[in-house]
Amino acid sequence: MNADALWVNAKLATFDPTVNAPYGLRDGWAIATRGDTIAAILPPDAPELHSFQGPVTDCGGKWITPGFIDCHTHLVWAGSRAPEWELRLAGATYAEIAKRGGGILSTMRALRAASEDELVAVALPRLRALAAEGVTCVEIKSGYGLTTADEPKTLRAAKRVAAEVGVEVSPTLLAAHVVPPEFAGRADDYVSLVCEEMIPAAAEEKLAEAVDVFCESIAFSPAQCERVFRSAKAHGLAIKGHVEQLTNLHGAELVARHGGWSVDHLEYLDDAGVAALAKAGTVAVLLPGAFYFLREKQRPPTESLRAAGVPMAVATDLNDGTSPFASLRLAMNMACVFYGLTPEEALAGVTRNAAKALGRGHRLGTLEVGKQADFLLWDVMHPSQIVFQVGINLLTGRVIRGVQK
Ligand code: DI6
Ligand code: FE
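Residues numbered from 1 in each chain as written. Chains lettered and ligands numbered in written order. Predicted model: local features only at pLDDT ≥ 70, side-chain atom pairs only at ≥ 80, totals over all residues. Heavy atoms only, no water.

## Quick look at the coordination of the iron ion (ligand 2)
Stated formally: For Na, K and Ca the donor cut-off is 3.2 Å, and for all other metals it is 2.8 Å, counting N, O and S atoms only; because water is absent from this set, sites may look incomplete. A four-donor site is classed as tetrahedral when every donor-metal-donor angle falls between 85 and 135 degrees; four donors are called square planar, and six octahedral, when trans pairs exceed 155 degrees and all remaining angles lie between 65 and 115, with any other arrangement labelled irregular. Think of it in three bands: with a 1.4 Å probe and only protein chains considered, a residue is buried below 20% of the maximum accessible area for its type, exposed above 50%, and partly exposed in between.
His72 (NE2), His74 (NE2), His242 (NE2) and Asp317 (OD) make up the full set of protein donors to the iron ion (ligand 2), lying at 2.1 to 2.2 Å. Around the iron ion (ligand 2), the 4 donor atoms sit at angles spanning 83 to 169°, and that spread fits a shape best called irregular. Within one chain, the residues donating to the iron ion (ligand 2) are spaced in sequence as H-x1-H-x167-H-x74-D. Take histidine 72: its relative accessible area is 0%, and that puts it in the buried class. Its relative accessible area of 3% is what places histidine 74 among the buried residues.

Take a look at the structure:
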């Protein structure tokens, strides 16, 4: 067998859709790696296991899952919105605070004042916390700079933070997050700046893989978002959208029509939106941390999404305004308790479906021969325990690109 290393005697939660068992379980099987790739997945009685000469890790019957992917974060921010939370607890709403120039704009002011080095320093502990729970790939958005200098600054900081922590990153340009004060009353002019300068520059410098928008009554209209998508596609970038979070502007249908990677939030998604996602194969990204923290009442139509076969992912939405929780396990727990996902769906939502949401379904997200050897060793009796409990470290090992960390 042509392999470098072997992990034997494990319960493999493969999430391989062709394995017909809950969690894609291969009970007692082994993983062989070659370089950064899964070279073989072998049953306990495979003769290759006895003749192998290289390093062997005995997993003692414990569980292995694919590496976790947090496919929606805004983890590069500056300042603190804790005082704003105090106002919200006293009765102000998120939209009211945004209208008064707080919210995203208060983070914008702090981020513009910070240097790239300062951003790296404040973001590092956030990504380290995610990685400590098993995140091996993370999406990080800009969206608090909103200028031709501060958006690239954010994306450069995002790449540096990921490199420092040793986590793969999918950087996303979210310049169309909110209309900056310089463009008050001139949203279309700001959209022109995004389309004509920020997107071309991000593509040219390879600072982003995808372009995101906030399609919402307090942010950008569907027509403005569509202009952003056309520019993104013209520059070879993928698209995605924050849609149907606070109201229904039919943003999901728009993203689906443009072949987007994902639509995110979805509390106000309707049946036409679900059908459009199913047809396009766009991933529905659920962000229950924001639903919880904003005390939203309307939850996304997860039953309809499930029935229509739309792949559902789960992410932290880690940001200082609506979801300040650096825990993908907490997000999974909330997806089960608030949104009715099963623990198996929640785990598929941070592995197989999260990989799809980042255009990496061919390379990450399941334990399958030929995929990247990113996997996690867990001290649990059953994988539901990973979702069930929060705050106790259950991770005993991490393998990233074939190397045990
Ligand atoms: N929706 C959200 O929940 C985040 N962005 C968005 O478009 C919130 C960002 C923030 O409040 O800082
Ligand atoms: Fe978000």
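## Concerning the pairing of strand β10 (residues 238-243)
Worth spelling out the cut-off: Strands are runs of DSSP state E lasting at least 2 residues, helices are runs of H or I lasting at least 4, and numbering of each runs from the N terminus. The handedness of a crossover follows from its direction of travel: if, with the strands pointing away from the viewer, the path from the first strand over the helix to the second runs clockwise, the crossover is right-handed. Here, a strand pair is defined by DSSP locating no fewer than two bridges between the strands.
With 6 of 6 residues buried, β10 lies mostly within the body of the structure. Neither face of β10 is open: one carries Ala238, Lys240 and His242, the other Ile239, Gly241 and Val243, and all of them are buried. Each parallel crossover has a hand, and the one from strand β9 (residues 210-215) via helix α8 (residues 222-234) to β10 is right-handed. Examined bridge by bridge, β10 and strand β11 (residues 262-265) share 4 bridges and lie parallel to one another. When the bridges of β11 are listed, lysine 240 appears paired with serine 262. What joins β10 to β11 is helix α9 (residues 251-257), and the crossover it makes is right-handed.

## Structural notes on the domain arrangement of the protein
As a reminder, the rule being used: Those domain boundaries reflect an automatic or database domain assignment. Note on contacts: a residue pair qualifies if any of its non-hydrogen atoms lie within 4.5 Å across the two residues. Accessible-area loss on putting two parts together, using a 1.4 Å probe and summing over both, is the definition of buried area adopted here. Only one rule defines a salt bridge in this text: a Lys or Arg side-chain nitrogen within 4 Å of an Asp or Glu carboxyl oxygen.
For the protein, the assigned domains read domain 1 (5-66 + 366-404) and domain 2 (68-357). Taking the mean C-alpha position of each, domain 1 and domain 2 sit 31 Å from one another. Each partner contributes residues to the interface: domain 1 has 26 residues there, and domain 2 has 21 residues. Together, the buried faces of domain 1 and domain 2 total about 1800 Å²; carbon and sulfur atoms form 62% of this surface. A per-residue breakdown of the area domain 1 buries against domain 2 is headed by Phe15, Val387 and Val390, which together make up 33% of the total. Across the domain 1-domain 2 interface, the total number found is 1 salt bridge. Put simply, arginine 401 and glutamate 168 hold a salt bridge, and the shortest N to O gap is 3.7 Å.

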